[in-house]
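Coordinate analysis (summary)
Each chain, written out:
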Protein chains: 2
Amino acid sequence: MSLGNGKMTRRYDDDCVATREILSLVGDKWSVMVIVNLGEGTMRFSDLKRAIEGISQRMLTLTLRGLERDGLVTRTVFPTIPPRVDYALTRLGQTLLEPVTGLAVWAQRHRPEIQRAREAFQRAATSK
Amino acid sequence: MSLGNGKMTRRYDDDCVATREILSLVGDKWSVMVIVNLGEGTMRFSDLKRAIEGISQRMLTLTLRGLERDGLVTRTVFPTIPPRVDYALTRLGQTLLEPVTGLAVWAQRHRPEIQRAREAFQRAATSK
DNA sequence: TAGCCAGGGTCACCATTCGTGACCAGGCAC
DNA sequence: GTGCCTGGTCACGAATGGTGACCCTGGCTA
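Here is a short report on the structure shown in this document. Values in this document were obtained by computation on a predicted structure and should not be read as measured data. (Residues numbered from 1 in each chain as written. Chains lettered and ligands numbered in written order. Predicted model: local features only at pLDDT ≥ 70, side-chain atom pairs only at ≥ 80, totals over all residues. Heavy atoms only, no water.)

As a further point, take the overall build of chain A. A tally of helices and strands in chain A yields five helices and three strands. Along the chain direction, N to C, the helices and strands of chain A fall in the order α-α-β-α-α-β-β-α. Burial status across chain A gives 44% buried among its 128 residues. The contacts of chain A with a sequence gap of at least 6 include a subset with a gap of at least 24, amounting to 40%. For chain A, the exposed surface amounts to about 6900 Å²; the carbon and sulfur share of it is 52%. (Helix = DSSP H or I, 4+ residues; strand = E, 2+ residues; numbered from the N terminus. Buried < 20%, exposed > 50% of the residue type's maximum accessible area, 1.4 Å probe, protein only. Contact = heavy atoms within 4.5 Å. Areas by Shrake-Rupley, 256 points an atom, 1.4 Å probe, with all protein chains shown as cover.)

As structure tokens, this is what we get:
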């Protein structure tokens, strides 16, 4: 892909697949939400579950495992009763915070436009 | 979420779901690849298919339909034989180019780190 | 003493989506 | 006539996303 110096050149063949793989990691909606939330600081499992409205326990577990595997978050277990597990961004995770936040800002800013486009598309499809 | 002025405040409850929905649109790997490719200019269906190595016709069609529906790309049909269909970013799509490119750059830059983290995680898991 | 809750998971099971390969139309070259 | 090119669509299996139930252990309440 060779991004970085203005225009992109055509070097997809090998990078493309790898980059896509990494983007798919970030791409899933839950990962983004977890990262944004952890951007504020360490959180416990149940804090995250409450903060990320709509996520199920299983999905949160899976998402966190994936992020841990990729070195984006750390998982600290306190073997108390009831158990307590803290999650936090690693340094690598924090570097991701910036581009991800950029996307989130974009999403918020352009939400109305997208909604309008969808409605227009819907109308065009039904009238057809 | 109230991103935008430095620190985030706790306003997830209503925004969160909507933002997540929009992110999931951008989040899927194919959409990102299409947007990045169209950032260079108008492309035909089969150009895209060739450029985005690994995508199937069906997935490309679905992805493009989704992006068109959300007002991010335009679809122009030339009823020639053989048929010809051009795709291009809308103005809205171009505004998305910047944050998405940011992500792509991040992915490329940190790919080795992630790979290393994965290998370390793998080793930790197998030795356990 | 029986119930019930919290916290962090896992498991079985369904629904949705992903992805592959086949097929289509219509004219052109061989 | 056979096959190819383009931009799709359709049917079908594979993978993934998501839900609700259950687990464990200790403390609190009734």
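Right, picking up where we left off after that structure.
Bringing the protein's contact with DNA strand C into the picture now. Taken together, 19 residues form the shell around DNA strand C, and within it Ser46(A), Gln57(A), Arg75(A), Trp30(B) and Arg58(B) come nearest. Counting only the atoms of DNA strand C that lie within 4 Å of the protein, the sugar and phosphate share comes to 58%. Arg44(A) is positioned such that a nitrogen or oxygen atom in its side chain is 3.3 Å from a phosphate oxygen of DNA strand C. Contacts to DNA strand C include Gln57(A), whose side-chain N or O atom sits 2.4 Å from a base nitrogen. Looking at the surface near DNA strand C, the elements with two or more residues in it are helix 3 (45–51), helix 4 (57–69) and strand 3 (84–89) of chain A together with helix 2 (29–38) and helix 4 (57–69) of chain B. (Near = heavy atom within 4 Å. Polar contact = N/O pair within 3.5 Å; in protein donor to acceptor, adjacent residues only side chain to side chain.)

Once that is clear, we can look at the interface of chain B and chain A. On the side of chain A, 56 residues touch chain B, which itself brings 56 residues to the contact. In this structure, the connection of chain B to chain A is made through two salt bridges. Counting the contacts that link chain B with chain A gives four residue pairs in polar contact (both at pLDDT 80 or more). If you list the elements that add at least two residues to the side of chain B that touches chain A, you get helix 1 (12–27), helix 2, helix 4 and helix 5 (91–127) of chain B. (Salt bridge = Lys/Arg side-chain N within 4 Å of Asp/Glu carboxyl O.)

This part takes up the relation of the copies chain B and chain A. Relative to chain A, chain B is turned by 180° and slid 0.0 Å along the rotation axis, the superposed coordinates differing by an RMSD of 0.1 Å. Classification of the inter-copy transformation places it as that of a two-fold axis. Within chain B, the C-alpha atom positioned nearest to the axis of rotation is that of Gly27(B), 1.9 Å from it. With an isologous cut-off of 70% or more, the 100% of interface residues of chain B that recur at the interface of chain A puts this contact in the isologous class. (Least-squares fit on C-alpha atoms with pLDDT ≥ 70 in both.)

Residues and elements named next belong to chain B. Following the sequence through the fold, Ser 31 ends up in helix 2. In this structure Ser 31 comes out as buried when scored by relative accessible area, which is 5%. For Ser 31, the residues in contact, after removing those within four places along its chain, are Leu 25, Val 26, Thr 63 and Leu 67.

Once that is clear, we can look at the sheet that holds strand 2 (residues 73–78) of chain B. All names here are of chain B. Across the sheet, which stays open at both edges, the three strands sit in the order 1-3-2 with antiparallel pairing between neighbours. What marks the edges here is a single partner per strand, and that holds for strand 1 (43–44) and strand 2. Bridge count between strand 2 and strand 3 (residues 84–89): six bridges; the pairing is antiparallel. The residue bridging Val 77 from the neighbouring strand is Val 85, located in strand 3. Along the sheet face, helix 2 touches strand 1, strand 2 and strand 3 and points at about 90° away from the line of strand 3. Packed on one face of the sheet, helix 4 meets strand 2 and strand 3 and runs near 115° to strand 2. (Pairing = 2+ DSSP bridges. Axes fitted to C-alpha atoms, helices over the stretch in contact; angles between N-to-C directions.)

For DNA strand D, the set of nearby residues contains 19 residues, the closest of which are Trp30(A), Arg58(A), Ser46(B), Gln57(B) and Arg75(B). Sugar and phosphate atoms form 58% of the subset of DNA strand D atoms that lie within 4 Å of the protein. Within the side chain of Gln57(B), an N or O atom sits 2.4 Å from a base nitrogen of DNA strand D. Here a phosphate oxygen of DNA strand D and a backbone polar atom of Val85(B) are 3.2 Å apart.

None of the figures reported here should be taken as evidence of function without further support.
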